[in-house]
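# A structural walkthrough
What follows is each chain in one-letter form.
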Amino acid sequence: MKIFKFGLSLVLAITTFYALNTKLGSLPPLGKFLSPNQGVWQNEITESENNKEISLKGLTAPVTVKYDKHLIPHVFAENKKDLYRAQGYVTAQHRLWQMEFQTHAAAGRLSEIVGETALNYDRTERRRGMVYGAEQKLKNWETDQEVMDYVDAFANGVNQYINSLKPSDFPVEYKLLDYAPEQWTRKKTALLLMYMTKMLAGGDSDLEYTNFLKKYGKERFDLLYPDFFDINDPVIPAETDWSFMGNATQTPIPDSEMPLDYIKKTIEKPHPDNGSNNWVVSPEKSYSGNAILANDPHLGLNLPSIWYAMQLTTPEQNTFGVTLPGAVGIVIGFNEHIAWGMTNATRDVIDWYKIDFEDKTNSNYKYDNAWKATTKRIEEIKIRGKETFLDTVTYTHHGPVTYDANFKGNGEKVGYAMRWTGHLGGQNQRTLLDLNTSKNYDDYKNAIKKFVAPAQNVIFASTEGDIALWIQGKFPNKWKGQGKFLMDGSNPEHDWQSYIPQEYNAHTKNPERGFVSSANQHPVDESYPYYVFNDGYEAYRNRVINDFFRSKDKFDIQDFKDLHNNNFNLQASELLPTMIPVIEKADLSSDEQNMLSKIKSWKYNNDIDEVGPTIWQIWYNTLAELTWDEIKNDSIALDYPFKYQTAYLLKNNPNDKFMDIVKTPEVETASDLFLIAFKEATTKLKEIESSKGTLAWGKNKATYIGHLLQALPAFSRHDLPIGGYSGIVNATSENHGPSWRMIVEMTSPPTALAVYPGGQSGNPGSKFYDDLVDIWASGNYLKLNFIQDKNQTDGIIFSQTLNPSNE
Amino acid sequence: MNKNTKNFVFTIIIAYVLSLYLPWWSVMLAALISGFLIPLKKGAVFFIPFVAIALMWIVQSYMLSSANEFILAKKIATLLKLNGNSTLLLLATGLVGGLAAGVSGIFGKQCNMLFKNK
């Protein structure tokens, strides 16, 4: 009996231990997780340790880190290697989990952390060659010893921080998911830059376009997806003279057949709104005679934020701005001499090739009338709680065969291979480091030369008074129409034949109009000698911005702030005057009358208290779905036409066949759609009004900033009172928008305002986790404390000293 | 001092000392040791270590969290569907620690019984 009781109590104790020490489903291991000595209670900390001395191996001299009241570190080192080692250490202190999670996401390793639900995602990332791309990057970087030294110093700084941690110190997400950080490597830095490359240059519609072309023909395609809109206010001013490009020639069109296949389901694309605004006015157009530059990259809104602000200083350089946790140096910012910013230079840098394999082993593929051998990469995807999944990805000279018999393909012996500038490597880390130390236009011009992908509109201003913008990236020199559709992977003429020489990348310096801007619109007009096709270019924000800068002679800081926060809905202002008269003529119920009078009084501003934007957006969405019902209801992958072209067709081709709603016996025109959509929208709006109690835009848009891990509500911020929308200069939509707003006036030294929707600390237990969110949402900024003297104590709340260690 | 009080105080002392060096299960070990050395009777076998560790965890957690205005506690209480209520999270913490200690207390007592009989 005693033995039995003993056994029973032993089993009970072991079971209890197991249950409380193991992650069960989505529940963390509760014993570990809730214990005060090891669990989340240890993360209940706001950073504040004053005068902390830390010893760091590999430093040559002490490094001082001063934190201001928003926990922005101001790092003072004696040389660059110390500086970047300290950058690694300091960044890891605040953003370790995020750094690792993002690079795991880039590497297709999320299944390791969250289990089988991420398997499809991981396979997609492997199959688009994310790890391969990172390896190509590293190969390039390794030819540049100086860059490698800094990347390694950074990694070492991160690792010294990781190695100083006890499990009780791990960021809360590790405790929640019950795993531990691994060592940081140079490859992870490359993976982070791949993560950005995919985010910004990882989208294309070639296969969707091919499906459309096959189904509807070329004439219909050109109408819906034109190379140029009827309006175009390009990044590089239309009046630019290209004659300096004397011998520039477009690749001639080969005389050959294109494969026309149906591809049912395509891989997931980055958010279509990933983009940005930037602009700069020349000294002549500035209230003070100093150039003024602004930038706001529009990205997914997450916590911890994609950006981490820092000041990085040595006796030779003093640079301030935002970093990407995991990359070395400042990415967008300024120093004592220059300021720079980036917007995404969307271009078609992904093309797809149909591959004919010799047999189902995928060992050889047809190329130039012969069989060419493939190489294979076995991707090992570890899955939490399951056996490792092995995925063989075949590589051709084009790139990885993303789609094949094993993955979303069209059966045996057929594959679709991806050609992507993201796989070319390049020296992006070198560019970032050189921008940090640039002193003038020539330094800037040299710094950006080696930047390959994601192509960026790199805007520039200097204290000397120069302003400029280069559209920098490596761009294939395409024949007219090349790469819009699936190409023949066996035909050498379909390969990318050459690249546009870097010096012929479109750019502008000190243009006559006195300002430069970009907002992801068409980079050039039709006079640019090389072929650029419409890759879903923005057509609204750019016109609002440029019209603003054409509207008067001088601009001051308040003008810049106002423009960042400009909520004018140009699309609505162009389309509603055509739509409203149709509704006015129709028979309406009292609810509909009411809705009509509300939207008629709207002045096209997407401000939070307005109801007009809510009515407009629901009406327009319903209208777009009715217009493109053919596309929406098709079982093959198709893309909606661009927003601008939709509006254009509704106004100019009201009787087009596409206006008809397929499922009804009548033949509808645009006017019919306006009315049907209005009536449907009114019904939806009444429902919303009764469930939410309001039609106010702010409450209905309900912008939120989601935690990186599946937007865990507990670690996210919801219902932020901020206006704007996609396609508006204040491009804040539900979960996407200005991820860093910066205004720099080129005084000596420069004066800067900036803010981002997040906080410096990645710890949800810190008051610095989200302390900038409300400032951002209300349209305000921080005055950046650009410290010139490292002994300055103004505005500093605490500091750390990193001392060289003797070990 | 009666046995219950002795066990209670002893459990907290060992648990505290062990928790400085060992992971969360140090409280199980502590309850086991005191259950073995100071065997209790009936319900007390479970409830004394339960209350001791629940109290210790609640007090420790409260001290850590109140110094930071319960910022994280409220979020974790949302995460664990405790309505964002940090008091409920403290009680849950006590319950988990108490449960772990209670069953270890029973096991400690059974070890003691087995040992004594030899």
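The notes below deal with the structure included here. Not measured: the values here are computed from a predicted model.

## Section: the overall build of chain A
In terms of helices and strands, chain A carries 23 helices and 29 strands. Relative to its length of 807 residues, chain A is compact, with a C-alpha radius of gyration of 28 Å against a globular reference of 28 Å. Taking all 807 residues of chain A together, the buried fraction comes to 64%. Within chain A, counting contacts between residues at least 6 apart in sequence, those at least 24 apart form 73% of the total. When the accessible surface of chain A is split by element, carbon and sulfur atoms take 49% of a total near 29,600 Å². Side-chain charges in chain A split into 83 positive and 102 negative, and the spacing between the mean points of these groups amounts to 5 Å.

## Some points on the sheet that holds strand E11 (residues 350-356) of chain A
Strands sit in the order E16-E17-E11-E20 (chain A) across an open sheet of four strands; the sheet is mixed. Each edge of the open sheet carries a strand with a single partner, namely strand E16 (401-403) and strand E20 (487-488) of chain A.

## As for the interface of chain B and chain A
Taken residue by residue, the interface counts 37 residues in chain B and 41 residues in chain A. Together chain B and chain A conceal approximately 3,300 Å² of surface at their shared face, both sides included; 76% is due to carbon and sulfur atoms. On the chain B side of the contact with chain A, Trp24, Leu72 and Lys75 of chain B bury the most area, a combined 21% of that side's loss. For the pair chain B and chain A, the interface holds zero salt bridges. Remark: the boundary between chain B and chain A carries 14 residue pairs in polar contact (both at pLDDT 80 or more). Elements that contribute at least two residues to the side of chain B that touches chain A include exactly helix H2 (26-37), helix H3 (44-66), helix H4 (71-79) and helix H5 (86-117) of chain B. Top element by residues in the side of chain B that touches chain A is H5 of chain B. It accounts for 15 residues.

## What to know about the packing of aromatic side chains
Residues and elements named next belong to chain A. Under the counting rule described, the total for this entry stands at 54 aromatic pairs over all chains. Taken together, a centroid distance of 6.3 Å and an interplanar angle of 15 degrees make the contact between Tyr531 and Phe533 stacked. Neither residue differs from the other here; Tyr531 and Phe533 are each classed as buried. Against the face of Tyr499 rests Lys474, its NZ or CZ located 4.7 Å from the ring centre. A cation over an aromatic ring shows up here: Arg513 above the ring of Phe515, its NZ or CZ 4.1 Å from the ring centre.

## Some details on the packing of helix H3 (residues 80-106) of chain A against helix H7 (residues 145-163) of chain A
Residue and element names in this part refer to chain A. Across the interface, H3 lies against H7 with an axial gap of 7 Å and an inter-helix angle of 50 degrees. When the axis of H3 is compared with that of H7, the two are oblique. Note that H3 runs across H7; the crossing there is right-handed. Residue-level inspection shows Lys80, Lys81, Tyr84, Arg85, Gln87, Gly88, Tyr89, Thr91, Ala92, Gln93, Leu96 and Met99 of H3 in contact with H7, the latter providing Glu146, Asp149, Tyr150, Ala153, Phe154, Asn156, Gly157, Val158, Gln160, Tyr161 and Ile162. A per-class count over the contact of H3 with H7 returns 11 nonpolar, seven polar and five charged.

## Points about the nonpolar core
Ranked by internal contacts, the top residues of the largest apolar core, which has 258 residues, are Trp619 of chain A together with Ile76 of chain B. When residues in this core are grouped by element, the largest group, 12 residues, is from H3 of chain A. Counting 10 residues, the second largest nonpolar core, distinct from the first, contains Tyr353, Ile355, Phe357 and Met487 of chain A.

## Details of the environment of Ile292 of chain A
All names here are of chain A. Here Ile292 is to be found in strand E5 (residues 292-300). A relative accessible area of 0% places Ile292 in the buried class. Each C-alpha atom, one on Ile292 and one on Phe515, is 9.6 Å from the other, the two residues being 223 residues apart in sequence. Those residues in contact with Ile292, other than ones at most four positions away along the chain, are Trp279, Val280, Val281, Ser286, Tyr287, Phe555, Asp556, Ile557, Phe560, Ile743, Val744 and Glu745.

## Regarding the sheet that holds strand E24 (residues 717-720) of chain A
Strand pairing in a sheet is mediated by backbone hydrogen bonds. Such pairs are either parallel or antiparallel. Residue and element names in this part refer to chain A. If you trace the three strands from one edge of the open sheet to the other, you get E6-E23-E24, paired in mixed fashion. Every other strand in the sheet has two partners, leaving strand E6 (302-303) and E24 as the edge strands with one partner each. Here strand E23 (residues 703-707) pairs with E24 via two bridges, running antiparallel. Note that in E24 the partner of Ile705 across the bridge is Arg717.

## So, the environment of Val773 of chain A
Residues and elements named next belong to chain A. Its place among the elements puts Val773 in helix H23 (residues 773-777). Owing to a relative accessible area of 0%, Val773 belongs among the buried residues under this scheme. C-alpha separation for the pair Val773 and Gly758, spaced 15 residues apart in sequence, amounts to 5.1 Å. With residues near it in sequence (within four places) discarded, Val773 still touches Ile705, Arg717, Leu720, Pro757 and Gly758.

## Some remarks on H3 of chain A
All names here are of chain A. For H3, with 27 residues, the first-to-last C-alpha span of 28 Å runs short of the 39 Å given by 1.5 Å per residue. Maximal helix bending in H3 amounts to about 95 degrees, located at Arg95. Counted residue by residue, H3 has 25 buried out of 27 residues, so it is predominantly covered. The N-cap residue of H3 is Asn79: its side-chain oxygen and the backbone nitrogen of Lys81 are 3.3 Å apart. Backbone geometry just after H3 places Gly108 at a positive phi near 65 degrees.

## Concerning the pairing of strand E26 (residues 741-745) of chain A
All names here are of chain A. A large share of E26 lies buried, amounting to five of its five residues. The side-chain alternation of E26 yields two buried faces, one formed by Arg741, Ile743 and Glu745 and the other by Met742 and Val744. Summarising the sheet, E5 and E26 pair through four bridges and their orientation is antiparallel. Bridge pairing links Ala294 to Ile743 in E26. Bridge analysis of E26 against strand E27 (residues 751-755) gives five bridges, and the strand direction is antiparallel. Following the sheet pairing, Glu745 is matched in E27 by Thr751. Connecting E26 to the next strand, E27, in antiparallel fashion are five residues.

The rules behind the values
- Residues numbered from 1 in each chain as written.
- Chains lettered and ligands numbered in written order.
- Predicted model: local features only at pLDDT ≥ 70, side-chain atom pairs only at ≥ 80, totals over all residues.
- Heavy atoms only, no water.
- Helix = DSSP H or I, 4+ residues; strand = E, 2+ residues; numbered from the N terminus.
- Rg over C-alpha atoms; globule rule 2.2 N^0.38 Å.
- Buried < 20%, exposed > 50% of the residue type's maximum accessible area, 1.4 Å probe, protein only.
- Contact = heavy atoms within 4.5 Å.
- Areas by Shrake-Rupley, 256 points an atom, 1.4 Å probe, with all protein chains shown as cover.
- Lys, Arg positive; Asp, Glu negative; His and termini not counted.
- Charge placed at Lys NZ, Arg CZ, Asp CG, Glu CD.
- Pairing = 2+ DSSP bridges.
- Buried area = accessible area lost by both parts, 1.4 Å probe.
- Salt bridge = Lys/Arg side-chain N within 4 Å of Asp/Glu carboxyl O.
- Polar contact = N/O pair within 3.5 Å; in protein donor to acceptor, adjacent residues only side chain to side chain.
- Phe/Tyr/Trp six-rings, centres within 6.5 Å; stacked < 30°, edge-to-face > 60°.
- Lys NZ or Arg CZ within 6 Å of the ring centre and 35° of its normal.
- Axes fitted to C-alpha atoms, helices over the stretch in contact; angles between N-to-C directions.
- Parallel < 35°, antiparallel > 145°, perpendicular 65-115°, else oblique.
- Left-handed = near helix turned anticlockwise from the far one by under 90°.
- Nonpolar A, V, L, I, M, F, W, Y, C, P; charged D, E, K, R; others polar.
- Core = buried A, V, L, I, M, F, W, Y, C linked by side-chain atoms within 4.5 Å.
- Expected span 1.5 Å × (residues − 1).
- Bend = angle between axes of the 7 residues up to and from the residue.

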